[in-house]
Amino acid sequence: MVFSETSTVQAAMIADLVAAGWTHTPSAVLAREHDSVLIESELTDAIKRLNPAFADDADRVDAVTTSLRLLLVNSGDFGLMNANEEFTAWLRGRRTIPSAEGGLDEPVRLIDFDNPGANTFVVSDEVTYGIPGSKARFDIVLWVNGIPLAVGETKTPVDSKKSWAHAAKDIRDRYEVERPRFFVPNVLSFASEGREFRYAPIQTPLDRWEQWGSTRVDANLDGWPRVQLSVAGLLSPTVLLSILEHYVVYERDGAAAVKIVPRYFQHETVEAIVGRVVTASPRRGLIYHTQGSGKTLAMSWAAARLIHEPALNNPTIVVIADRSQLVRQTYDQFLSTGTPRLNEVASSAQLRELLRSEQRGVLFTTIHKFRDAALLSERDNIVVLIDEAHRTQEGLLGEQMRAALPNAYLFGFTGTPIADLDRNTFKLFGFEGDPDYSLNTYNSDRSIADGTTVPMRVSSRMVEFRIDKAALDAEFDALAEAEGLDDVDKEKVASKLSNVATLLSNPERIRAVCRDILDHFYTTIDPLGMKAQIVVYNREMCVSYHRELVTLLAERGEDEAAVIMSAQGKDDPADWDEYRLNESQEESILNRFRAFGDPMKFLIVTSKLGTGFNAPIEGVLYLDKPMKLHTLFQTITRTNRPWSNPVTGQKKAYGLVVDYIGLGDGFARAMTPGNPDAAQRDIDLHGLIDVFNAELDNMLDRFAGIDRDDMSMESLQASLSRVPPGETRERFAAQFMLLQSLWETISPNTRLEPRKAEYRWLAKVYQAVTPTDDSALLWDRIGYKTLELVYSNIAGVAVRNPKVTVQIADSRTIERLVEEGLLDPDDTETITKPAAEVVDGIMSRLRSRLAGPNGRHVIYRGLAERLERLRASELARATDSIEFLRELFSLAKDVRVAELAEDSGGAAGLDLLPDPNIGALTQIFEEFKPADTPVIVGDIVAEIDRIVRQVRYPGWVAHDAGKRNVRKAILQVFRTFRLPLTGEPLESAYRYVESHY
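Residues numbered from 1 in each chain as written. Predicted model: local features only at pLDDT ≥ 70, side-chain atom pairs only at ≥ 80, totals over all residues. Heavy atoms only, no water.

Asker: Let's hear about the overall build of the protein chain: which residues, and what values?
Answerer: Regarding its fold elements, the protein chain presents 37 helices and 26 strands. Here the protein chain holds 997 residues, and the buried ones make up 50% of them. Accessible surface, the protein chain as shown: approximately 44900 Å² in total, 51% of it carbon and sulfur. (Helix = DSSP H or I, 4+ residues; strand = E, 2+ residues; numbered from the N terminus. Buried < 20%, exposed > 50% of the residue type's maximum accessible area, 1.4 Å probe, protein only. Areas by Shrake-Rupley, 256 points an atom, 1.4 Å probe, with all protein chains shown as cover.)

See the structure below:
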């Protein structure tokens, strides 16, 4: 007896399917011929049962079965995908047959979606299909009313060389190609070897076969329990029919169609939204799905479901984004998936007209079109779906939208919910009865665990330079004297120089960074077939980077770079004309960037493409712009989409961010989900509004008798006469500054709206009495000269590559560290502490031991030096990376071992512990070793330790000959192991040996 796929995975899956509601009928007793796709007797019975209008008319029943047979037979003529789409229309009840009396055609029902119990659900194993001499055998087939809706292939769980991918490949590359007719009615197929379960619709590449699951279970659930969860979830009769009825879409790019079915969290989300709307309580919900997981597709399914939901009585669905480009992208996504009755709103006036006239269907608009809209509709069958709900929804525009549609359902979709002192996306859209205020949560940890997105890695670069401050000061003083600048003018010019843009815009720095980008890209990214996005500080730098890259690319070949930015300002330089792109031109560039093999390989941006841009081919993002939190998260996750090279099949292993700014652990903070219970500012808004109103009235009394609707020069001069120069004007300015502070604290708030015009009028008067700032004119006169002076005194610009790439920690990090023995799973105090607190704790414990009787012992000195090395290392720039945490907890474990050794045996106990020099050298090599090091680090370290101990002698560091001999010995080890003979890790290893041996 042996374990086989039939006796293990296949049999167990059939048992689970029976438990889920299917009836097991072995293939041998099915009432069908081997060359028949359908179980025709079952199908005929279903047609009669579900279509009483012609159940007794044998000719019309036969006309239905004949139409289906012809569709199967002719599928080879117009392709499997087109045939599958047509058969899906039949399955959904969207096809008809002529009536007996010659009147209106009769709709045909093949499946009863409203009453699932009226259908037959059969699971069969070892189903043979074909003609004698050319047959195939499908492991599992799921039949509904005699129609094969799903095909499953299994592999043995006891052969490590077999996986779900082999089963999926059998379906996609053999069965669908050689037996396409059997897959004309197919909803989806599934594959498993008992360790993983994947599913996909027809003609789906293997790298896009998805996992099913549940957001209510552990993100890292795997193995057979995850397979069982998938079978019970996805393949239950209810869910399979739900996917067929509501979710199967055919997305078209030109003439070609791609069939799409939902991921589990998308299905959960749509069902939850529909359930909440049907029960009418609560009337809101937050959907927190990480960037790149398909939020827009979930929104389109939700809209399509809600449009046809009887409980809503012909509703209006309002889809809102905060930028016109996002509205267009969302509209196109809905359009391509067949969502009905779409209307893209062109203006605020059109939006108001449509809502006041009770327009039905799906309206697409920006949040800005609700500005000053007032009440538009009190209907309670309006559903608002908001994309990127964290961005503008917590401001005045969001309040005005909610005031315009006071009885609407509100569902916010976001990948980056904010929870800080002033804003809380969770509480704005979320219902307190939902877990963490979220109707459905699919965060980055779960997404990476599922393979929906890939992990993120960060490679830090250091852009180094020297400033000759003395020379700069002297030359600046000379320039100031020549231009006749007084101390005030000099201060104004100096303030212009003391910003980030001045340093980042240095042409030499831009040149050095661009060279490094191209060296890295053509060495690391281009060979994989992927492309790059470059994010820079501002629009001026977009242009500077583009011009430098074009020059450098011309030396390399034919590859191209393009700038995507807003360049419509009237004050923009004339030579920016080439960057003024209309929507069509911009989309053409983006499509070229998405296309494999197209030479458009670099996109340069500053603020565009942060959201709504999907290009799986993007493998790296070069970041030269300070960013933080949700903005940083949205930007860096541009690279997290899975992708496979269409020629080599090689998969993207991770999304890479190359950091030229030095954001350090800002990446980890950006990847950390917001805390829905984060404390917010405790402000008595009602009390502050009363104070604001009183202060505003008091200030307006000064202008009694002046018509505030009169915008003439005469009216302005009359207003200024009420605040003459001197103490009166100073008091007025102080009062207005208080009023402005109150406004900024309270706004947005609908109670401020009636006073907004009065406040703005007062602000104009304040601006009119404020002294003119001539710093801009001064900068126009000498700014260029000053920048030239600064840049001429900056030298030695170079990009240093520490060759450290770290992976940002995810939900499995702690689990992996426990598996490696670096963490005690019961040590919840350490597990839940931030890395910085763990470092401080280790330092405190070491200080205590260093001050004790054995403080000079080599073990404690070695541990203290390891800690300092770790704190100063490149890894410490990302304190929540997996690599840093591994090093940190390894050190913590060694400190604990040393403490126990000393407590039990004193110095003698410490003497029994391993030599700390070995650990320190190991740390050096782990940090600096080349990526392709072909040997084990432990072997290199042991050999260096052995040979150095042989050649060293007391006082060798003080003699040149001693230093030469030791360095020669280390070089010999490096040659033996084929390591670099210059740079790192050689220099760090030698410095350590020089200090400690």
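Asker: Break down helix α3 (residues 58-73) for me, with residues and values.
Answerer: Across its 16 residues, α3 extends 22 Å between first and last C-alpha, which sits within 8% of the 22 Å expected from 1.5 Å per residue. What α3 keeps buried is the set Arg60, Val61, Val64, Thr65, Leu68, Leu71 and Leu72. For α3, the angular spread of the buried residues around the axis is 145 degrees, confining them to a single face. Set apart from the buried face of α3 by more than 90 degrees, the exposed residues are Ala58 and Asp59. Close packing links the buried residues of α3 with α2 (40-50), α4 (75-78), α5 (80-91), β2 (96-97) and β3 (106-107). Its side-chain oxygen at 3.2 Å from the backbone nitrogen of Asp59, Asp57 defines the N-terminal cap of α3. (Expected span 1.5 Å × (residues − 1). Arc of directions from axis to C-beta. Contact = heavy atoms within 4.5 Å. Polar contact = N/O pair within 3.5 Å; in protein donor to acceptor, adjacent residues only side chain to side chain.)

Asker: How would you sum up the packing of α3 against α5? Please name residues and give values.
Answerer: Two elements in contact, α3 and α5, have axes separated by 10 Å at closest approach and are oriented at 165 degrees. One way to sum up the angle between α3 and α5 is to call them roughly antiparallel. Every pair of crossing elements has a handedness; the one defined by α3 and α5 is left-handed. Facing α3, whose interface residues are Val64, Ser67, Leu68, Leu71 and Leu72, α5 presents Ala83, Glu86, Phe87 and Trp90. (Axes fitted to C-alpha atoms, helices over the stretch in contact; angles between N-to-C directions. Parallel < 35°, antiparallel > 145°, perpendicular 65-115°, else oblique. Left-handed = near helix turned anticlockwise from the far one by under 90°.)

Asker: Tell me about the pairing of strand β24 (residues 655-659), and name the residues and values.
Answerer: Side chains on a regular strand alternate between the two faces of the sheet. Within β24, five of the five residues are buried, leaving the element largely enclosed by the surrounding structure. Residue alternation in β24 divides its side chains into two sets, Gly655, Val657 and Asp659 and Leu656 and Val658, and both sets are buried. Across five bridges, the pairing between strand β18 (residues 456-460) and β24 is parallel. Bridging from a neighbouring strand, Met456 pairs with Gly655 of β24. (Pairing = 2+ DSSP bridges.)

Asker: Outline the sheet that holds strand β8 (residues 197-200), supporting the account with residue identities and numerical values.
Answerer: The mixed open sheet is built from six strands, whose spatial order is β1-β4-β5-β6-β7-β8. Of all the strands in the sheet, just β1 (23-24) and β8 have a single pairing partner and so form its edges. Two strands pair when backbone bridges link them, and strand β5 (residues 134-144) and strand β6 (residues 147-154) are joined in this way by five bridges, in the antiparallel orientation. By the bridge assignment, Trp143 is partnered in β6 with Pro148. Where helix α6 (residues 164-178) meets the sheet, it contacts β5, β6, β7 (188-192) and β8, and its direction lies at approximately 145 degrees from that of β7.

Asker: Before we move on, can you summarise the pairing of strand β22 (residues 600-605) with the specific residues and values?
Answerer: Counted residue by residue, β22 has six buried out of six residues, so it is predominantly covered. Both strand β20 (residues 531-536) and β22 contribute to a ladder of four bridges, which runs parallel. Pairing of Ile534 across the sheet is with Ile604, part of β22. Strand direction decides the pairing type here: strand β21 (residues 560-563) and β22, joined by four bridges, are parallel. From the neighbouring strand, Ala561 faces β22, where its bridge partner is Phe602.

Asker: Tell me about the environment of Met456, residues and numbers included.
Answerer: As for its placement among the helices and strands, Met456 is situated in strand β18. Of the residues examined, Met456 reaches a relative accessible area of 2% and is grouped as buried. For the pair Met456 and Gly655, spaced 199 residues apart in sequence, the C-alpha separation works out to 4.8 Å.

Asker: Please give an account of the pattern of salt bridges that cites residues and values.
Answerer: Throughout the structure, instances matching the rule amount to 34 salt bridges. The salt bridge involving Glu432 is made with Arg284; its shortest N-O contact spans 3.2 Å. One end of the pair, Glu432, is in the loop between α14 (425-429) and β17 (440-442); the other, Arg284, is in strand β11 (residues 284-289), and 148 residues separate them in sequence. One salt bridge connects Arg755 with Glu758, and the closest N-O pair in it is separated by 2.4 Å. Looking at Arg755, the relative accessible area reads 13%, which means it is buried. One network of salt bridges, with partners in common, ties together Glu153, Lys155, Asp170 and Arg174. (Salt bridge = Lys/Arg side-chain N within 4 Å of Asp/Glu carboxyl O.)

Asker: Can you lay out the packing of aromatic side chains for me, pointing to particular residues and giving the numbers?
Answerer: The tally for this structure, following the rule as stated, stands at 24 aromatic pairs. The interplanar angle of 85 degrees and the centroid separation of 5.4 Å between the aromatic rings of Trp22 and Phe121 together place this pair among those described as edge-to-face. With a gap of 99 residues between them, Trp22 in the loop between α1 (6-20) and β1 and Phe121 in strand β4 (residues 121-131) connect regions that are remote in the sequence. Taking the centre distance of 6.5 Å and the plane angle of 40 degrees together, the rings of Tyr622 and Tyr660 count as tilted. Here Tyr622 is found in strand β23 (residues 618-624), whereas its partner Tyr660 is found in the loop between β24 and α23 (666-671), with 38 residues between them in sequence. By relative accessible area, Tyr660 is classed as buried at 3%. An aromatic cluster of at least three residues, connected via ring pairs, comprises Tyr129, Phe138, Trp143, Tyr175, Phe182 and Phe183. (Phe/Tyr/Trp six-rings, centres within 6.5 Å; stacked < 30°, edge-to-face > 60°.)

Asker: Residues and numbers for a negative patch on the surface, please.
Answerer: A cluster of acidic residues, Asp707, Asp709, Asp710 and Glu714, forms a negative patch at the surface. For Glu714, a relative accessible area of 68% puts it in the exposed group. (Patch = residues over 30% accessible without salt bridge, like charges linked within 9 Å, V, L, I, M, F, W, Y side chains within 5 Å. Lys, Arg positive; Asp, Glu negative; His and termini not counted. Charge placed at Lys NZ, Arg CZ, Asp CG, Glu CD.)

Asker: Residue-level account of the environment of Asp105, with values.
Answerer: With respect to the secondary-structure elements, Asp105 resides in the loop between β2 and β3. A sequence separation of 10 residues divides Asp105 from Arg95, and the C-alpha atoms of the two residues are 9.2 Å apart. Side-chain polar atoms of Asp105 contact the side chain of Thr96, separated by 3.4 Å.

Asker: If you had to explain the sheet that holds β17 to someone new, which residues and values would you point to?
Answerer: Here we have seven strands laid out as an open sheet, ordered β13-β14-β12-β15-β16-β11-β17, and parallel in their pairing. One side of each edge strand has no neighbouring strand; the edge strands of this open sheet are β13 (342-344) and β17. Strand-to-strand, the axes of this sheet are offset by a mean angle of 15 degrees, without reference to chain direction. Where strand β15 (residues 382-386) lies against strand β16 (residues 409-414), four bridges are found, and the strand directions are parallel. When the sheet's bridge partners are listed, Val384 is paired in β16 with Leu410. Along the sheet, helix α9 (residues 264-279) makes contact with β11, β16 and β17, crossing β16 at roughly 165 degrees.

Asker: So what's going on with the environment of Tyr247? Residues and values would help.
Answerer: Within the secondary structure, Tyr247 sits in helix α8 (residues 237-247). With relative accessibility at 0%, the residue Tyr247 sits in the buried group. Separated by 55 residues in sequence, Tyr247 and Ala302 have C-alpha atoms that sit 9.5 Å apart. Setting aside chain neighbours within four positions, we find Tyr247 in contact with Arg92, Ser242, Ile260, Pro262, His267, Val270, Glu271, Trp301 and Arg305. Within the structure, the side chain of Tyr247 is placed 2.6 Å from the side chain of Glu271, a separation counted as a polar contact.

Asker: Tell me about the nonpolar core, and name the residues and values.
Answerer: Across soluble globular proteins, nonpolar side chains show a tendency to be buried alongside one another. Counting residues in each nonpolar core, the largest one holds 107 residues, and the members touching the most others are Leu110, Leu142, Leu149 and Phe411. With eight residues, helix α10 (residues 295-307) is the largest single contributor of residues to this core. A domain-level breakdown of this core finds at least three residues from each of domain 1 (8-247) and domain 2 (262-450). Listed in part, the 35 residues of the second largest apolar core include Ile510, Met530, Ala532 and Tyr660. (Core = buried A, V, L, I, M, F, W, Y, C linked by side-chain atoms within 4.5 Å. Domains from an automatic or database assignment.)

Asker: Break down α10 for me, with residues and values.
Answerer: The terminal C-alpha atoms of α10, which comprises 13 residues, lie 18 Å apart, in line with the 18 Å expected from a rise of 1.5 Å per residue. In terms of burial, α10 is a largely internal element, 12 of the 13 residues being buried. Residues of α10 that are buried: Lys295, Leu297, Ala298, Met299, Ser300, Trp301, Ala302, Ala303, Ala304, Arg305, Leu306 and Ile307.

Asker: So what's going on with the side chain of Asp624? Residues and values would help.
Answerer: When you line up the elements, Asp624 lands in strand β23. For Asp624, a relative accessible area of 1% translates into the label buried. One polar contact links Asp624 to Tyr545, side chain to side chain, over a distance of 2.4 Å. Contacts of Asp624, omitting those with residues within four sequence positions, involve Leu504, Arg509, Val535, Val536, Tyr537, Met541, Tyr545, Tyr660 and Ile661.

Asker: Describe the packing of helix α19 (residues 507-525) against helix α20 (residues 539-556), and please don't skip the residues or the numbers.
Answerer: α20 packs onto α19 with a crossing angle of 50 degrees between their chain directions and a minimal axis gap of 10 Å. The angle between α19 and α20 falls in the class oblique. With respect to the hand of their crossing, α19 and α20 are arranged in right-handed fashion. Taking contact as the criterion, the partners of Arg509, Ile510, Arg511, Val513, Cys514, Arg515, Ile517, Leu518, Asp519 and Tyr522 in α19 are, on α20, Ser544, Tyr545, Glu548, Leu549, Leu552, Leu553 and Arg556. Split into classes, the residues belonging to the contact of α19 with α20 amount to 10 nonpolar, one polar and six charged. (Nonpolar A, V, L, I, M, F, W, Y, C, P; charged D, E, K, R; others polar.)

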